[in-house]
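Read off the chains here:
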Amino acid sequence: MALHVQNFLLIFVLISSHMLLAKTNELEGFSPALATWYGEPYGAGSGGGCGWSDDVQFPPFSAMIAAGNANIYLKGKGCGNCYQILCTRVPYCSTIPITVTITDECPGACNDVPFAFDLSGTAFGAMSSPGQADALRNLGRVDVQYRRVPCNYGSTNIAFKIDAMANPYWFAMTIEFCAGDGGLSSVGVASDGSQQFRLMKNIWGAVWAVDVDPSFRGPYSFKLISQIDEPVIATNAVPSDFVPGQSYYSLVNFRS
């Protein structure tokens, strides 16, 4: 009888150790962070801190976005970066990671911890177990694990949203839906038929601008370089008769 008990305990220990090892491996590459949420329970959040405004409610963002604290937002350089967020708090969380794009900044109390994500109500609820979305949101905040991952927007290519103040002397735009690394280290613009790209300046968030003159006419092509030095050229992506506030989709994107 004693031998049987010993064998049972041994099997129990082995199974428990295997489960713990599996759980440890599952979290490999993740780091601790705090997750909160803002806005409406089923809301889309905001893209204001990156220049994307209400675009976050539509595909391919589809409200799966977050505002990052200083160590995530990076003074706007973190705009477009994608992260997996994993909540393991049972019974509220599904323990299945969700993927969000950084589209805004979370200032103030978000910086009381090293890394924090303020998710849209929709994204926060997406971490929940079936039927637990409201209960999870009622917690208000929850410890999570996070890791940087490549962005994948499916068949959506890079888009250029022309700034509302763009004119013959100042050309500015917001760049959206960069796959892969998500961020950009350099952007150049060339006028009709030219291969000479003028460097643009990242003035804030995902907004890039350059001083021009009326002779600098479209269609405009762009040379984009990601933060991991991957180049891509969007040829004739914006027409000469562009409309300020309008988005123009290219035919290219980075590898995801």
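Please refer to the structure placed before this passage.
Just so you know, these numbers come straight off a predicted model, no measurement behind them.

J.: Would you explain the overall build of the chain in this entry?
T.: For the chain, the helix and strand inventory stands at four helices and 15 strands. Relative to its 256 residues, the chain shows a buried fraction of 46%. For the chain, contacts bridging at least 24 residues in sequence account for 70% of all contacts bridging at least 6.

J.: What should I look at first to understand the state of the cysteines in this one?
T.: Disulfide: a covalent bond connecting the sulfur atoms of a pair of cysteines. In total, this model carries four disulfides according to the counting rule given. Linked covalently through their sulfurs, Cys-82 and Cys-151 form a disulfide whose S-S length is 2.0 Å. Here the disulfide of Cys-82 and Cys-151 is right-handed, its torsion about the S-S bond being about 110 degrees. Here the residue Cys-82 occupies a position in strand 3 (residues 82-86), and Cys-151 occupies one in the loop between strand 6 (141-149) and strand 7 (159-162), the gap between them amounting to 69 residues. For Cys-151, a relative accessible area of 0% puts it in the buried group. Each sulfur of the disulfide joining Cys-106 and Cys-110 lies 1.9 Å from the other. Because the torsion about its S-S bond is 60 degrees, the bridge between Cys-106 and Cys-110 counts as right-handed. Residue class for Cys-110 comes out buried when judged on its relative accessible area of 10%. For the chain, the bonded cysteines connect in the pattern 1-2, 3-8, 4-5, 6-7 when numbered consecutively along the sequence. Left without a disulfide partner, Cys-178 is nearest to the cysteine sulfur of Cys-151, which lies 8.5 Å away.

J.: What exactly am I supposed to notice about the pairing of strand 14 (residues 231-238) here?
T.: Moving residue by residue along a regular strand, the side chains alternate between the two faces of the sheet. In this structure, strand 13 (residues 220-226) lies alongside strand 14, joined through five bridges in antiparallel fashion. The partner of Lys-223 across the bridge, within strand 14, is Ile-233. Where strand 13 folds back on strand 14, the antiparallel hairpin that results is connected by four residues, among which Asp-229 adopts a positive phi of roughly 65 degrees.

J.: Looking at this model, I keep getting lost on the environment of Val-100. Mind explaining?
T.: Its location among the elements puts Val-100 in strand 4 (residues 98-105). Owing to a relative accessible area of 1%, Val-100 belongs among the buried residues under this scheme. Filtering out sequence-adjacent residues up to four positions away, Val-100 remains in contact with Met-64, Ile-65, Ala-66, Asn-81, Cys-82, Tyr-83, Ile-85 and Ala-123.

J.: Just to check I follow, could you spell out unusual backbone geometry for this structure?
T.: Most peptide bonds take the trans form, and the phi angle of most residues other than glycine is negative. The linkage connecting Pro-59 with the following residue, Pro-60, adopts the cis geometry, with an omega of 5 degrees. Relative to the assigned elements, Pro-60 resides in the loop between strand 1 (31-38) and strand 2 (65-68). Cis geometry marks the peptide bond from Val-90 to Pro-91; its omega dihedral reads 5 degrees. Looking at the element boundaries, Pro-91 is found in the loop between strand 3 and strand 4. Positive phi outside glycine occurs at Ser-62, with the angle close to 50 degrees. By relative accessible area, Ser-62 is classed as partly exposed at 35%. Unusually for a residue other than glycine, Asp-229 sits at a positive phi of about 65 degrees. Structurally, Asp-229 can be placed in the loop between strand 13 and strand 14.

J.: Teacher, can you tell me more about the side chain of Asp-55 here?
T.: When you line up the elements, Asp-55 lands in the loop between strand 1 and strand 2. Aside from chain neighbours lying at most four places away, what touches Asp-55 is Phe-61, Lys-161 and Glu-176.

J.: I'm lost on the pairing of strand 12 (residues 207-211) in this one. Help?
T.: Burial analysis of strand 12 places four of its five residues in the buried class, the great majority of the element. Relative to strand 12, strand 8 (residues 170-176) runs antiparallel, the two sharing five bridges. Bridge pairing in strand 12 links Ala-172 to Ala-209. Of the pairings in the sheet, the one linking strand 11 (residues 201-204) to strand 12 comprises three bridges and is antiparallel in character. Within strand 12, the position partnered with Lys-201 by the bridge is Ala-209.

Conventions and cut-offs
Residues numbered from 1 in each chain as written. Predicted model: local features only at pLDDT ≥ 70, side-chain atom pairs only at ≥ 80, totals over all residues. Heavy atoms only, no water. Helix = DSSP H or I, 4+ residues; strand = E, 2+ residues; numbered from the N terminus. Buried < 20%, exposed > 50% of the residue type's maximum accessible area, 1.4 Å probe, protein only. Contact = heavy atoms within 4.5 Å. Disulfide = S-S within 2.5 Å. Pairing = 2+ DSSP bridges.

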